[in-house]
Amino acid sequence: MEKINLKITASGNYCNTWPELHIAVNNISQTFTIKEDIVIDLSFKLPKNNTLTFGMINKSFGKNGIWDTAIDENSGSIVNDKFIKIKDIQINEVSVIDFLDKYFYQSDQEPIQIHDQTLRFNGQYSMDFTTPIYNWIIGQRKLFLQQNTINKNQSYFSNYKNVYADYDNQLKIISQLKKILKKIQ
Amino acid sequence: MINLIISVPRLETHRPPVSTAIIAASLKSAGYMTQCVDLNIEFYHYVGPEVYYDLDDVWENKRAITDQEEKIVNQFIKEKFINLLPKECKIWISVFSQNSFSFTIFLTKQIKAHNSNIEIVVGGIGVSTPPTINSSESFGKYLQRNNLCNHVIYGEGEIAAVKLANNDILYPGINKENSIQISDLNSLPFPDYSDFDFNQYDYLTESKDKDFYIVGSRGCVRKCTYCDVPAYWPKYRFRNGDNIANEMIQNYEKYGVSRFYFTDSLLNGSMKSFNNMCEVLAKYNQEHKANFKWSGQFIFRPMNQLPQNHFDLVAAAGGDTFYVGIETGSDKIRWEMDKKFTNEDIDYQLEEFKRTGLKCFFLMITGYLTETQQDHQETLKMFKRWQKYVASNTITGIDLGTMLTFLSNTPLEKMIESHGVTFLLSNEDQIGNLRVDASSWISEKNPDLTVKERLKRRIEIQNRAIRYNWPIWRGENRLNKFLLFGQSLLDKQQEK
């Protein structure tokens, strides 16, 4: 089990009511009313495999005649809207807000994904993660970096950015080295 | 008459070479016509990256050049240089390191065969180095003795080049290894990049942003025991902060360059100059949205020397990634290396780096002369201790290095006798009068730190770095070298 601290910094925009953010880590969930700026600070003791979900839950699209998006009748433009801006997500003091645009916001209402850290519809992000948490975070960064393609033609030796190599080969060589060391007096 | 200032393989391909730009600026300021020619990048494009990097083993003397490769090199020189030579010219070749020796010989041979009257001057750090491990003369002298060059400039070239152009061959450093250091770096003209085609370079960012070298200082304020920089540059000299900033601003305004890499042994040697540079750049960034990004080697200092707003200023000025000699996780060993900062100082600076978005890259030396098992355990602990900063992308990588190697002209070399250090004999390196393997040493004063033990510790360190998911530079490459090294130790043992 590892002690995990989750900090979500968010700000809400009022339209009829303040937006609500539902957060769940595994089976533990809470709902928070997001008024202007807020820092939600939660701590857990977590096992190896976990899931974090969070999303807006109380936006009304006409239920009981309530619309949480106000539209100007003449121009058709939005004049007010209920939304939550996610400003930062920190896990054990490390920001992972940059991970957000790699995930899909699951919503019945949102037709397209707009990756601007703003929740405009009811729905949720679902992020599976493992402990040790820093290993997972670094692994994710490595994955995202490789997805951005490192130019393999650039010299390995002068390119200080080329650091996320496969560990498997290194571990194989280490295993061979250990065998040699056993034989050396 | 035009002065052709040439850079030759093997150099980095990621930025235009600053050495030739520096000499061009000096000669131009003195009224001479110049033209920079970067044969390194031209060769890169001529043969393509695969062949270019394949030849590294040739330039590094790890294998002989094949007939086919030699043909390609000579063909390139003829097509892209000899055939284009103006009728009247003087050639200045910058030899950066031993990795340029072979190409320089091919080039000078062709030039002299084409026209033996063409005057060739060679300079750069490489000319002071012997051409082979068994040679006692410098590469510069070798070229002169073989009539492949007319003059050699040793040491810093800015003033000596102008003196030579003026036929003042008695100036220190011209044809004699008695060069003197230039005291006032602020008096030198900014490097002249007007001849370079910037589109040729293999820039490191995804968006291929242009990137230049900057030379802010020469020498070092520290005298780390393992380092030979003070032997080459005894006195630390630095440019004023606004002088450096103005060069960067000029390059931005003239060429749109906003990324820079400092060639300095450390870019924050003079805090006054460094802070001054940051102030000017931060102000310019704010007014012009230049978005400067600059990197280089850096020292960590005791935290009481660094107020919090210092890091905010560095970030505002465009500080990007700093390569820091952390070397070890043991405060005791770092102190004995003469690096006066502790793990607590590192904690503070990493936290400030994280807060302000600055990045750093750790450089390590494992198996120091006096390292104990306890010191080694301290190094192993650092991977967990600072893993948070890897996760936050504050630490962008680590170079675990090879094991401690003795270099000539270092404080460590002077400790050989007092520590009862002996080396396995080989032809690899020169220590005093002996040909030795400078990494295969044992010390009477630290008998537990055998060669085997050092290798064992080095592997444990890499294993620990992998366990905590640290990004390791040259990870596989270094391990493969250790594999060969370990096998050679085993072979020697079996011979006995």
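Trainee: Sorry, what's going on with the sheet that holds strand 10 (residues 293-298) of chain B here?
Mentor: Whenever strands of a sheet pair, they do so through backbone hydrogen bonds, lying parallel or antiparallel. All names here are of chain B. The parallel open sheet is built from 6 strands, whose spatial order is 6-9-10-11-12-13. Strand pairing shows two members of the sheet lacking a second neighbour, strand 6 (211-214) and strand 13 (395-399), which therefore form its edges. When strand polarity is set aside, the average angle formed by the axes of neighbouring strands in this sheet is 20°. Where strand 9 (residues 259-262) meets strand 10, 3 bridges bridge the pair, whose relative direction is parallel. Bridging across to strand 10, Y261 finds its partner in S295.

Trainee: Sorry if this is basic, but what is going on with helix 14 (residues 343-356) of chain B here?
Mentor: Side chains that are three or four residues apart share a direction in an α-helix, a result of its 3.6 residues per turn. Taking 1.5 Å of rise per residue, the 14 residues of helix 14 of chain B would be expected to cover 20 Å, and the 20 Å separating its terminal C-alpha atoms lies within 8% of that figure. Those residues of helix 14 of chain B that sit buried are N343, D345, I346, Y348, Q349, L350, E352, F353 and T356 of chain B.

Trainee: Which parts of the structure should I look at to understand the confidence of the model for chain B?
Mentor: Caution applies to low-pLDDT parts of the model: their predicted coordinates are not meant to be read in detail. The predicted model of chain B averages 93 in pLDDT, with 97% of residues at 70 or higher. The ipTM, which scores confidence in the relative placement of chains, is 0.90 for this predicted complex, and the corresponding pTM is 0.91.

Trainee: Would you mind showing me how to read the packing of aromatic side chains here?
Mentor: For any two aromatic rings, the description comes down to two numbers: the centre-to-centre distance and the angle of the planes. What the rule picks out here adds up to 48 aromatic pairs over all chains. Between the aromatic rings of F61 of chain A and F121 of chain A, the centroid separation amounts to 5.8 Å while the plane-to-plane angle is 5°, which identifies the pairing as stacked. Note that F61 of chain A is positioned in the loop between strand 5 (49-56) and strand 6 (69-71) and F121 of chain A in the loop between strand 10 (118-119) and strand 11 (125-130), a separation of 60 residues in sequence. What makes F61 of chain A partly exposed here is its relative accessible area of 30%. Seen in terms of ring centroids, W59 of chain B and F103 of chain B are 6.1 Å apart; in terms of plane orientation they differ by 75°. Their pairing is edge-to-face. Of the two residues, W59 of chain B sits in helix 4 (residues 56-59) while F103 of chain B sits in helix 6 (residues 101-114), which places them 44 residues apart along the sequence. Pair check on accessibility: W59 of chain B and F103 of chain B agree, each one buried. Each member of the aromatic cluster is reached from another via a ring pair, and the members are F262, F274, W294, F298, F300, F311, F322, F341, Y348 and F353 of chain B. The ring centre of Y167 of chain A lies 4.3 Å from the NZ or CZ of K142 of chain A, which sits over that ring.

Trainee: What should I look at first to understand the pattern of salt bridges in this one?
Mentor: Pairing between side chains of opposite charge can happen when the charged atoms of each approach one another. All names here are of chain B. Here the structure, examined in full by the defined rule, presents 36 salt bridges over all chains. In this structure, D320 engages R259 in a salt bridge whose closest nitrogen and oxygen atoms are separated by 3.4 Å. With D320 in strand 11 (residues 319-327) and R259 in strand 9, this pair connects stretches of sequence that are 61 residues apart. Classification of D320 as buried rests on a relative accessible area of 8%.

Rules behind the numbers
Residues numbered from 1 in each chain as written. Chains lettered and ligands numbered in written order. Predicted model: local features only at pLDDT ≥ 70, side-chain atom pairs only at ≥ 80, totals over all residues. Heavy atoms only, no water. Pairing = 2+ DSSP bridges. Helix = DSSP H or I, 4+ residues; strand = E, 2+ residues; numbered from the N terminus. Axes fitted to C-alpha atoms, helices over the stretch in contact; angles between N-to-C directions. Expected span 1.5 Å × (residues − 1). Buried < 20%, exposed > 50% of the residue type's maximum accessible area, 1.4 Å probe, protein only. pLDDT = per-residue confidence, 0-100. Phe/Tyr/Trp six-rings, centres within 6.5 Å; stacked < 30°, edge-to-face > 60°. Lys NZ or Arg CZ within 6 Å of the ring centre and 35° of its normal. Salt bridge = Lys/Arg side-chain N within 4 Å of Asp/Glu carboxyl O.

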